[in-house]
Amino acid sequence: MPSTSFQAPFLVDDYLRSVGDWQKAVTESMLHAQRVQWGMLAAWQRAIGAVQEDLRDQWVCRFGGGVPLDG
């Protein structure tokens, strides 16, 4: 029996490289989306913190008997 080397088409280097590139692109896309979501959450929290600080200052001016400590 002659020895022949048979290489299945799905084991070709180009195919594996393209699959790896596809997986890398999908992973990077998902990580980028998550980073954007974390950035939006941080911006939302900063906005809520500013509103909370303003409400606290108003409360101090009204019921605390003076100006707020920071200003």
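From a predicted model like this one, the values you see are computed outputs, not experimental measurements.

1. Describing the overall build of the protein
Tallying secondary structure elements over the protein gives one helix and zero strands in all. Looking at the protein as a whole, 4% of its 71 residues are labelled buried. Approximately 6,800 Å² of the protein is accessible, and the part contributed by carbon and sulfur atoms is 63%.

2. Section: the pattern of salt bridges
In the structure shown here, the tally under the stated rule is one salt bridge. Between Asp57 and Arg56 there is a salt bridge, and its shortest N-O distance comes to 3.5 Å.

3. Overview of the packing of aromatic side chains
Under the counting rule described, the total for this entry stands at one aromatic pair. Ring geometry for Trp59 versus Phe63: centroids 5.9 Å apart, planes at 45 degrees, classification tilted. In this pair, Trp59 and Phe63 are both assigned in helix H1 (residues 13-63), four residues apart and thus about one turn of the helix distant. Residues Trp59 and Phe63 agree in their burial class; the two are exposed.

4. So, a nonpolar patch on the surface
Side chains of Trp38, Leu41, Trp44 and Ile48 sit close together on the surface and give an oily, nonpolar patch of about 460 Å² of accessible area. Along the chain, Trp38 falls in helix H1.

Thresholds, definitions, all that
- Residues numbered from 1 in each chain as written.
- Predicted model: local features only at pLDDT ≥ 70, side-chain atom pairs only at ≥ 80, totals over all residues.
- Heavy atoms only, no water.
- Helix = DSSP H or I, 4+ residues; strand = E, 2+ residues; numbered from the N terminus.
- Buried < 20%, exposed > 50% of the residue type's maximum accessible area, 1.4 Å probe, protein only.
- Areas by Shrake-Rupley, 256 points an atom, 1.4 Å probe, with all protein chains shown as cover.
- Salt bridge = Lys/Arg side-chain N within 4 Å of Asp/Glu carboxyl O.
- Phe/Tyr/Trp six-rings, centres within 6.5 Å; stacked < 30°, edge-to-face > 60°.
- Patch = residues over 30% accessible without salt bridge, like charges linked within 9 Å, V, L, I, M, F, W, Y side chains within 5 Å.

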